[in-house]
Amino acid sequence: MSLRPTLETRQAVPTMEGAGVKLHRAFGFQDPSELDPFLLFDDFRNERPEDYQAGFPWHPHRGIETITYVLSGSVEHTDSLGNTGTLGAGDVQWMTAGSGILHQEMPKGNGAGQMHGFQLWGNLPSDQKMTTPRYQDVQSKEIPGVTDDDGTTVRVIVGEFWGKTGPVDGIAADPQYLDIQVPAGVRKTFRIDTYRRAFAYVFQGQAAFADASQPTGVLLEKEVAGQEVNIRDLSGDRTLVRFGTGDEVTVQAGPEGVRFLLISGAPIDEPVAWHGPIVMNTRAELELAFKELRNGTFIRAAH
Ligand code: MN
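A quick note: this is a predicted structure, and the numbers were derived from the prediction, not measured. (Residues numbered from 1 in each chain as written. Predicted model: local features only at pLDDT ≥ 70, side-chain atom pairs only at ≥ 80, totals over all residues. Heavy atoms only, no water.)

Protein-derived ligands of the manganese ion are H59 (NE2), H61 (NE2), H103 (NE2) and E105 (OE), with the metal-ligand distances lying across 2.2 to 2.3 Å. Taken in chain order, the donor set of the manganese ion reads H-x1-H-x41-H-x1-E. Exposure class is identical for H59 and H61. Each is buried. (Donors = N, O, S within 2.8 Å, 3.2 Å for Na, K, Ca; no water. Buried < 20%, exposed > 50% of the residue type's maximum accessible area, 1.4 Å probe, protein only.)

Written out as structure tokens, the structure is:
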């Protein structure tokens, strides 16, 4: 067993997207090899309708997958192929854009005006960039949960974990997407196969993610449930933790516990040509996509 070092921890950055939606971007539009096969991660948790209701009107995607996970509120979705639906609290939409879709995503919030959720972009390998578009709409009740003796709970959205298999299947990047809650003071180790690139995104409470250079993971400053935690090392809300190579990660939950996403996948390791919502391998493929958008041939007939 070897612990994955934390290569980097950073705060998500306030960003405006769509028709004026406030969100926090943990990564995206930077060196795409860093977290290959993942391209972008947006945290669109907002408390006020005016910060999100303009939504994400009609826009294209090609060459990627977008994965939307709603925590509270709802998102209405409509696309050019005639698909339509609503994602509610706890639901996931795994959209394989493949050869191309035009869609709109409109956050609606809940009764209290709150809209909480995340969107991840996964890359597709060259031989699947132009695959037929596909949706996997997963309702909250279809997502298996598992609870350990120490109170740690994991929702398994994609991949296999602790004997449960997530309902989303057959994705090229072989992703694992887990929503994990670790109670206050609990120290927990999670296995992640060495070939995967991995990151965590904290969205509730705080935790220390041990670094291989500090085998105990923490330094004495404050005791939490018998564990010694350097409070300065705790990662809180909206922190991205990028892991290096190894086969497990260790989490030391802070005094309020922690909830975070733990996401990993197999790197695709191909050239990336990226402009806005379209991600291809070459500049020529990008230019073709934008030419097709202009002349109305972007959407392939169903086959
Ligand atoms: Mn979109």
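After that view of the structure, there is still more to cover.
Attention now goes to the packing of aromatic side chains. Counted by the stated rule, this structure contains 17 aromatic pairs. Ring plane angle 80° and centroid distance 5.9 Å describe the contact between F38 and F199, whose orientation is recorded as edge-to-face. In this pair, F38 is assigned in strand β4 (residues 38–43) and F199 in strand β19 (residues 197–209), connecting sequence segments 161 residues apart. Its relative accessible area of 0% is what places F199 among the buried residues. Taken together, the ring pairs in this structure connect F27, F38, F41, F118, F199, Y201 and F203 into an aromatic cluster. (Phe/Tyr/Trp six-rings, centres within 6.5 Å; stacked < 30°, edge-to-face > 60°. Helix = DSSP H or I, 4+ residues; strand = E, 2+ residues; numbered from the N terminus.)

So, about the environment of P32. Within the element layout of this structure, P32 appears in the loop between β3 (21–27) and β4. Exposure remark for P32: the relative accessible area of 25% places this residue in the partly exposed category. Note: C-alpha distance between P32 and V272 (240 residues apart in sequence) is 7.3 Å.

Attention shifts here to the sheet that holds strand β11 (residues 116–123). Note: strands within a sheet are paired through backbone hydrogen bonds, in either parallel or antiparallel orientation. One open sheet holds the 7 strands; their spatial order is β2-β3-β4-β11-β6-β9-β12, and the pairing between them is antiparallel. Both outer strands of the open sheet, β2 (13–17) and β12 (134–138), are each paired with one neighbouring strand and no more. Geometrically, the sheet is characterised by an average inter-axis angle of 20° between neighbouring strands, direction not taken into account. (Pairing = 2+ DSSP bridges. Axes fitted to C-alpha atoms, helices over the stretch in contact; angles between N-to-C directions.)

With antiparallel pairing, the 4 strands of this open sheet are ordered in space as β5-β10-β7-β8. Pairing within the sheet leaves two strands with one partner each, and these edge strands are β5 (56–61) and β8 (84–87). Along the sheet, successive strands turn relative to each other by an average axial angle of 25°, direction set aside. In the sheet, strand β7 (residues 75–79) pairs with strand β10 (residues 101–107) via 5 bridges, with the strands oriented antiparallel. Counterpart to T78 in the pairing with β10 is Q104.

Time to look at the layout of surface pockets. Estimated volume of the largest pocket: approximately 350 Å³. Residue lining of the largest pocket: 24 residues in total, with F56, H59, E105, Q119 and W121 positioned closest to the centre. Sorting the residues of the lining of the largest pocket by element identifies β3, β4, β5, β7, β10 and β11 as the ones contributing at least two each. With 4 residues, β5 is the largest single contributor of residues to the lining of the largest pocket. For the lining of the largest pocket, the per-class residue count stands at 12 nonpolar, 8 polar and 4 charged. (1 Å grid on protein atoms, 1.4 Å probe; cavity = no way out; pocket = protein on both sides within 12 Å on 5 of 7 lines; lining within 4 Å. Points joined across faces, edges and corners; volume = space filled by probe spheres on them. Nonpolar A, V, L, I, M, F, W, Y, C, P; charged D, E, K, R; others polar.)

This part is about empty space enclosed by the protein. Applying the stated rule across the entire model yields 2 cavities of 30 Å³ or more. As a volume, the largest cavity reaches approximately 40 Å³. The wall of the largest cavity is formed by F27, G28, Q30, D31, P32, E34, L35, F38 and L39. Of the residues assigned to the lining of the largest cavity, the class counts are 5 nonpolar, 2 polar and 2 charged.

Checked against the element boundaries, E292 lands in helix α1 (residues 283–295). With relative accessibility at 9%, the residue E292 sits in the buried group. The residues contacting E292, other than those within four sequence positions of it, are R62, T297, F298 and R300. (Contact = heavy atoms within 4.5 Å.)

One finds F27, F41, L120, Y177 and F199 to be the most contacted residues of the largest nonpolar core, which totals 25 residues. Among the secondary structure elements, those contributing two or more residues to this core are β3, β4, β6 (64–72), β9 (92–96), β11, β14 (153–158), β19 and β23 (248–265). No other element matches β19, which puts 3 residues into this core. (Core = buried A, V, L, I, M, F, W, Y, C linked by side-chain atoms within 4.5 Å.)

This next bit is on the pattern of salt bridges. Taken as a whole and assessed by the stated rule, the structure comprises 22 salt bridges. Between R10 and E34 there is a salt bridge, and its shortest N-O distance comes to 3.6 Å. One end of the pair, R10, is in strand β1 (residues 6–11); the other, E34, is in the loop between β3 and β4, and 24 residues separate them in sequence. According to the relative accessible area criterion, R10 is buried, its value standing at 19%. Looking at E34, the relative accessible area reads 24%, which means it is partly exposed. Among the ionic pairs, E34 bridges to R242, the shortest N-O distance being 3.8 Å. Within this pair, whereas E34 is found in the loop between β3 and β4, its partner R242 is found in strand β22 (residues 239–243), the two being separated by 208 residues in sequence. Several salt bridges converge on common partners, so that one network encompasses E8, R10, E34 and R242. (Salt bridge = Lys/Arg side-chain N within 4 Å of Asp/Glu carboxyl O.)

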